[in-house]
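Spelled out from the first residue to the last, the chains are:
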Amino acid sequence: MLSEEPGDDVALLLARTRALGADRVGTWDVPPDPASVATARQYAVERLAEWGLDEIGFVTELVVSELVTNAIRYGGPPIQLRLIRDQSLICEVSDGSSTSPHLRRAHAYDEGGRGLLLVAQLTQRWGSRQTSEGKTIWAEQPMPD
């Protein structure tokens, strides 16, 4: 589209975003206290019930429990839980630490170390992203039929 041959490559990037309504997102601040994991699970279950997604409640509770527990143990404040209902259910947990998570295979005698492995096996996909305040770990579940 240029009249002369450019001295450098030229690229045009277009992106279309779609904002979700507030009724499709649930966000909660989580105190950095292990006792708050149960409250985070309860928030998630209540929101799923509002959305008519009780069917995926068990897996969501496990995902929320693992991600929030990891944020409290290995991350730092502020900790936030967010559920996003779109074409899939996305569970995000953000914390103030920039340390990236990693999967590891726990030994038979280890008491911990299986959390992210469980999340990876129970969800369609998961990942993490760095933010200016720390990181966000997310997991995506398919919507029920």
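Residues numbered from 1 in each chain as written. Predicted model: local features only at pLDDT ≥ 70, side-chain atom pairs only at ≥ 80, totals over all residues. Heavy atoms only, no water.

Peer 1: Honestly, the packing of helix H1 (residues 36-51) against helix H2 (residues 57-74) in this entry has me stumped. Any pointers?
Peer 2: The angle between the axes and the distance between the axes are what describe a pair of packed helices. The geometry of H1 relative to H2 is characterised by a closest axis approach of 9 Å and an angle of 145° between their N-to-C directions. The two elements H1 and H2 meet at a crossing, and its hand is right-handed. In this structure, H1 uses Ser 36, Val 37, Ala 40, Arg 41, Ala 44, Val 45 and Leu 48 to contact H2, whose residues at the interface are Gly 57, Thr 60, Glu 61, Val 64, Ser 65, Val 68, Thr 69 and Ile 72. Taken together, the residues that form the contact of H1 with H2 break down as eight nonpolar, five polar and two charged. (Axes fitted to C-alpha atoms, helices over the stretch in contact; angles between N-to-C directions. Helix = DSSP H or I, 4+ residues; strand = E, 2+ residues; numbered from the N terminus. Left-handed = near helix turned anticlockwise from the far one by under 90°. Contact = heavy atoms within 4.5 Å. Nonpolar A, V, L, I, M, F, W, Y, C, P; charged D, E, K, R; others polar.)

Peer 1: What am I meant to see in the pairing of strand E3 (residues 88-95) here?
Peer 2: Both faces of the sheet carry side chains from a regular strand, because those side chains alternate between them. By the criterion of burial, E3 is predominantly enclosed, with seven of the eight residues buried. Taken together, the six bridges between strand E2 (residues 79-85) and E3 define a ladder with antiparallel strand orientation. Considered in E3, the bridge of Leu 83 is made with Cys 91. Between E2 and E3, which pair antiparallel one after the other, the connecting turn spans two residues. Where E3 lies against strand E5 (residues 134-142), eight bridges are found, and the strand directions are antiparallel. Paired with Val 93 across the bridge in E5 is Ile 137. (Buried < 20%, exposed > 50% of the residue type's maximum accessible area, 1.4 Å probe, protein only. Pairing = 2+ DSSP bridges.)

Peer 1: Any chance you could explain helix H3 (residues 115-122) here in plain terms?
Peer 2: Structurally, the α-helix is built with 3.6 residues per turn, so residues lying three or four positions apart point the same way. Taken residue by residue, H3 has Gly 115, Leu 116, Leu 117 and Val 119 as its buried positions. Against the buried residues of H3 lie H2, strand E4 (125-131) and E5.

Peer 1: How should the packing of H2 against H3 be read in this particular structure?
Peer 2: Running from N to C, H2 and H3 point in directions that differ by 150°, and their axes come no closer than 10 Å. In this structure, the crossing between H2 and H3 has a hand that is left-handed. When H2 is examined against H3, the residues Val 59, Leu 62, Val 63, Glu 66, Leu 67 and Asn 70 are found in contact with a partner set consisting of Gly 115, Leu 116, Leu 118, Val 119 and Leu 122. Residues belonging to the contact of H2 with H3 are distributed by class as follows: eight nonpolar, two polar and one charged.

Peer 1: Whenever I open this one, the packing of aromatic side chains confuses me. Can you help?
Peer 2: Think of a pair of aromatic rings as described by two things: how far the centres are apart, and how the planes are tilted against each other in angle. The final tally for this structure, using the stated rule, is one aromatic pair. A ring pair is formed by Trp 28 and Tyr 43, whose centres lie 5.4 Å apart and whose planes are at 5°; its orientation type is stacked. Of the two residues, Trp 28 is situated in strand E1 (residues 25-30) and Tyr 43 in helix H1; the sequence distance between them amounts to 15 residues. Owing to a relative accessible area of 30%, Tyr 43 belongs among the partly exposed residues under this scheme. (Phe/Tyr/Trp six-rings, centres within 6.5 Å; stacked < 30°, edge-to-face > 60°.)

Peer 1: Before we go on, may I ask you to explain a nonpolar patch on the surface in this structure?
Peer 2: Residues Phe 58, Leu 62, Leu 118 and Leu 122 make up a contiguous nonpolar surface patch of roughly 360 Å² in combined accessible area. If you list the elements that add at least two residues to the nonpolar patch, you get H2 and H3. Considering the arrangement of structural elements, one finds Leu 118 in helix H3. (Patch = residues over 30% accessible without salt bridge, like charges linked within 9 Å, V, L, I, M, F, W, Y side chains within 5 Å. Areas by Shrake-Rupley, 256 points an atom, 1.4 Å probe, with all protein chains shown as cover. Salt bridge = Lys/Arg side-chain N within 4 Å of Asp/Glu carboxyl O.)

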